[in-house]
Each structure stands twice: as structure tokens, then as C-alpha cells.
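Chain by chain, the residues run as shown.
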Amino acid sequence: MNKNTKKVSKRVSTGIFNLDSIIGKGFKLNSINLVAGGAGSAKTIFAIQFLIEGIIKNKEPGIYITFEEKKEKLYDDMLSFGWDLAKLEKEEKFVFLEYTPEQVKKVLVEGGGTVESLINKIKAKRLVIDSITSFALLYSDELERKEASLALMDLINTWECTALLTSQDESKDGNTISAALEFEVDSIILLYYIRIKGNRVRAIEILKMRGTKHLERTFSFEISNKGLVVHPNKKVIF
Ligand SMILES: Nc1ncnc2c1ncn2[C@@H]1O[C@H](COP(=O)(O)OP(=O)(O)OP(=O)(O)O)[C@@H](O)[C@H]1O
Ligand SMILES: [Mg+2]
């Protein structure tokens with residue numbers, strides 16, 4: 001059995017309520033997944049919920065690499081969902097790593113570095129990069145950007161973690177996932193926070209899920225006090 005066949009058989013729970021059943025029991029083990037959406041579309045909550053699922057339910061430590069989010073604020077915000085990141089960090093089940101895009105560029109040149117040693121230290125099985133947008137902005141040349149994106153993906157693959165990358169996408173139809181499309185990811189999930197008749201509505205769409213028959217609809221979701229909850233029977237039309 002080659003590595004790819006093995007990947008197909010195992011699934012990793014996303015932790016988002018009611019999402020796994022829509023996407024064939026979760027993300028593929030050790031796959032790279034993209035969650036794209038505009039400002040405030042709940043990308044960060046999605047990403048942390050994915051890590052929490054691994055840590056709490058599956059004994060899979062997680063690493064969160066960010067260019068944008070501030071540690072104190074994030075820890076504070078996530079407490080409202082009952083997720084105590086400071087405690088998990090002390091227990092060496094969670095690592096928060098604030099990186100500049102330049103530092104990631106350096107990692108690509110030098111190989112794994114700090115990230116790799118942290119992954120090994122806590123035996124991380126889940127990895128988040130929130131978001132890849134500013135990393136992609138480092139490269140103005142299209143070809144160079146594509147090469148850097150592929151290099152980052154190759155590097156992530158060597159870490160044997162299930163990865164989730166977030167991407168800032170302001171478009172309404174998901175057709176301009178600017179930076180993201182250069183990343184040949186295994187799945188793309190779009191988060192919307194759109195105005196319908198004067199009200200803002202949250203919706204989630206599975207744009208792509210390699211090797212999986214997924215439902216081609218846009219679903220409503222809400223941010224509950226326990227995290228994101230998808231409503232599979234509530235269709236959103238916009
Ligand atoms: N405890 C909560 N209960 C309900 N809604 C919340 C809660 N915390 C945050 N939100 C909503 O989630 C939004 C932010 O979510 P999040 O930070 O995950 O978005 P994001 O897509 O990462 O945004 P950005 O692009 O700015 O990083 C807030 O604007 C708010 O509307
Ligand atoms: Mg965010």
C-alpha cells in the first residue's frame with residue numbers, strides 16, 4: 001500500500017459540529033486543507049476548533065502558526081468557547097507560534113527549524129497556519145509565489161500532520177481565492193458572512209474535497225457558545 005492509498009482510508013474529525021458528515025467523515029489524515037473567507041468570517045475560530053478537537057478528543061497535540069493574531073487577545077477570545085489555550089500550552093498539548101512571513105520564508109530555505117523541533121517536541125498531529133495570505137504577498141512574482149507555495153506544501157507534508165491553512169478572501173463567490181489557488185490543497189472550504197436583505201448571514205461551502213463525494217450546497221452555520229455549528233438542513237440561497 002503506498003502512502004497515498006493509506007491517506008485516503010483514514011479521516012480526521014474537523015471538530016466543527018455537523019461538518020464531518022457532509023465531507024465524508026472529516027479531513028483526510030495528513031492532508032492539507034484550506035479555509036478561505038473574508039474578514040470576520042470565522043476562519044480563526046474554525047482553525048482553533050479543529051485544533052481543540054484533536055487535543056481534547058483525540059490526544060493529538062496541535063500547533064498554531066500565525067502572522068496576524070495576537071496571542072493574548074486570541075487566548076482571551078477563545079475562552080468564551082471554553083477553550084483554555086493557556087492551560088493546554090502549559091500541558092504541552094498546544095503551541096502558539098507568532099511568525100513573520102519572512103521567518104517562514106527563512107524556514108523554507110533552511111528546512112524545518114523551530115517549527116519542526118516544536119512539532120517533534122509536543123508530537124503535534126494537527127497544524128494550522130493562520131493565514132497564508134500575508135505569506136503569499138511576500139512574492140510579487142507569480143512564478144516565484146507558486147514555487148514558494150509548493151515548497152511550503154512539501155515542507156508541511158514532511159511533518160506528517162493534518163494541516164489547515166486559512167486564507168483571506170474578500171470575494172463573494174470564491175472565484176478569486178487569490179493566494180490560495182497556488183496551494184494545491186486537498187480541500188477548500190469557503191466561509192461567508194454576507195448581507196442578505198439587510199441582515200448578515202453566515203454560510204459554509206465545500207468548494208473542493210479530493211477523493212470525496214461531498215454535498216454541493218451552501219449551508220448555514222452559526223457561532224454558538226461551543227464553537228461553529230453547521231446546519232445541514234438549512235439551505236442558504238444568495
Ligand atoms: N464568542 C462568540 N460568540 C459569537 N460570535 C463570536 C464570538 N467570538 C467571535 N464571534 C464572531 O466571530 C467573528 C470573528 O471570527 P474570527 O476571528 O474567527 O474571524 P476571521 O475570519 O478569523 O477574521 P479575520 O479575517 O479578521 O482574521 C467576530 O467578528 C464575531 O462576529
Ligand atoms: Mg482570523
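Within any chain, residue numbers begin from 1 and follow the written order of that chain's sequence. Lettering of chains starts at A and numbering of ligands starts at 1, both following the order in which they are written. Under the rules for a predicted model, residues below a pLDDT of 70 receive no local features and side-chain atom pairs below 80 are neither given nor counted, while totals for whole chains, interfaces and linings still include all residues. Only hydrogens and water are set aside when side-chain values are computed; all heavy atoms of the structure are taken into account.

**Q** How should I be thinking about empty space enclosed by the protein in this particular structure?
**A** Unfilled space is identified by rolling a water-sized probe across the atoms. Here a cavity denotes grid points, spaced 1 Å and computed from the protein atoms alone, that fit a 1.4 Å probe unable to get out, and a pocket denotes an open set having protein on both sides within 12 Å along at least 5 of 7 lines; residues with an atom within 4 Å of a point are the lining. Grid points are joined across faces, edges and corners, and a volume is the space filled by probe spheres set on the points. Per the stated rule, a full pass over the model turns up two cavities of 30 Å³ or more. I65, Y99, V104, V107, V115, I129, L152 and W159 are the residues that line the largest cavity. Only Asp, Glu, Lys and Arg are considered charged, only Ala, Val, Leu, Ile, Met, Phe, Trp, Tyr, Cys and Pro nonpolar, and every remaining residue, Gly among them, polar. Each residue belonging to the lining of the largest cavity can be placed in one class, and the counts come to eight nonpolar, no polar and no charged.

**Q** What should I look at first to understand the site of ligand 1 in this one?
**A** Each residue is tested against the molecule or strand, and it is near if at least one of its non-hydrogen atoms lies within 4 Å. As a structural note, the neighbourhood of ligand 1 is formed by 14 residues, with G40, K43, T44, I45 and R202 the closest of them. In this structure, an oxygen atom belonging to ligand 1 sits 2.9 Å away from a main-chain N or O atom of I45. Any pair of N or O atoms that falls within 3.5 Å is considered a polar contact. Within protein, one atom must be able to donate a hydrogen and the other to accept it, and sequence-neighbouring residues count only if both atoms are side-chain atoms. In the model, a nitrogen atom of ligand 1 is placed 3.0 Å from a nitrogen or oxygen of the S80 side chain. Note on areas: these come from Shrake-Rupley sampling with a 1.4 Å probe, and a residue is covered only by the protein chains present in the view. Compared with its free state, where it exposes 650 Å², ligand 1 has 62% of that area covered by protein. Residues belonging to the shell around ligand 1 are distributed by class as follows: five nonpolar, six polar and three charged.

**Q** Before we go on, may I ask you to explain the sheet that holds strand β10 (residues 218-224) in this structure?
**A** Strands pair in a sheet through their backbones, by hydrogen bonds, and they do so in one of two ways: parallel or antiparallel. Pairing between strands is defined by DSSP: at least two bridges between them are needed. A run of DSSP states H or I qualifies as a helix once it reaches four residues; a run of E qualifies as a strand once it reaches two. Both are numbered from the N-terminal end. Taken together, nine strands build an open sheet; the order of strands is β5-β4-β6-β7-β3-β8-β9-β10-β11 and the sheet is mixed. What marks the edges here is a single partner per strand, and that holds for β5 (94-98) and β11 (227-235). Strand-to-strand twist across the sheet, computed as the mean angle between neighbouring axes with direction ignored, equals 25°. Relative to strand β7 (residues 162-168), strand β3 (residues 32-37) runs parallel, the two sharing six bridges. Bridged to V35 within β7 is T166. Working convention: axes come from line fits to C-alpha atoms, limited for helices to the stretch in contact. Angles between N-to-C directions cover 0 to 180 degrees.

**Q** What exactly am I supposed to notice about the pairing of β11 here?
**A** In the case of a regular strand, side chains alternate between the two sheet surfaces. Across six bridges, the pairing between β10 and β11 is antiparallel. Each residue of the ladder has a partner; that of S224, found in β11, is G227. In this structure, the hairpin formed by β10 and β11 is closed by a connection of two residues.

**Q** Looking at this structure, I do not really get the environment of S149. What am I missing?
**A** On the secondary structure map, S149 appears in helix α8 (residues 142-158). Once the C-alpha coordinates of S149 and Y139 are considered, the two residues, ten residues apart in sequence, prove to be 9.8 Å apart.

**Q** Could you clarify how one ought to interpret the coordination of the magnesium ion (ligand 2) in this entry?
**A** Put simply, a metal with four donors set out as a tetrahedron has ideal angles of 109.5 degrees, and one with six donors set out as an octahedron has ideal angles of 90 or 180 degrees. Distances decide who is a donor: an N, O or S atom must be within 2.8 Å of the metal, or within 3.2 Å for Na, K and Ca. Water is not included, so sites may look incomplete. Bound to the magnesium ion (ligand 2) on the protein side are T44 (OG1) and E69 (OE), at distances that span 2.1 to 2.4 Å. Within this pair, whereas T44 is found in helix α2 (residues 43-58), its partner E69 is found in the loop between β4 (62-66) and α3 (71-79), the two being separated by 25 residues in sequence. The exposure class of T44 is buried, given its relative accessible area of 14%. In this structure E69 comes out as partly exposed when scored by relative accessible area, which is 24%. For the exposure calls, accessible area comes from a 1.4 Å probe over protein chains only, and a residue counts as buried if that area is under 20% of its type's maximum, exposed if over 50%, partly exposed in between.

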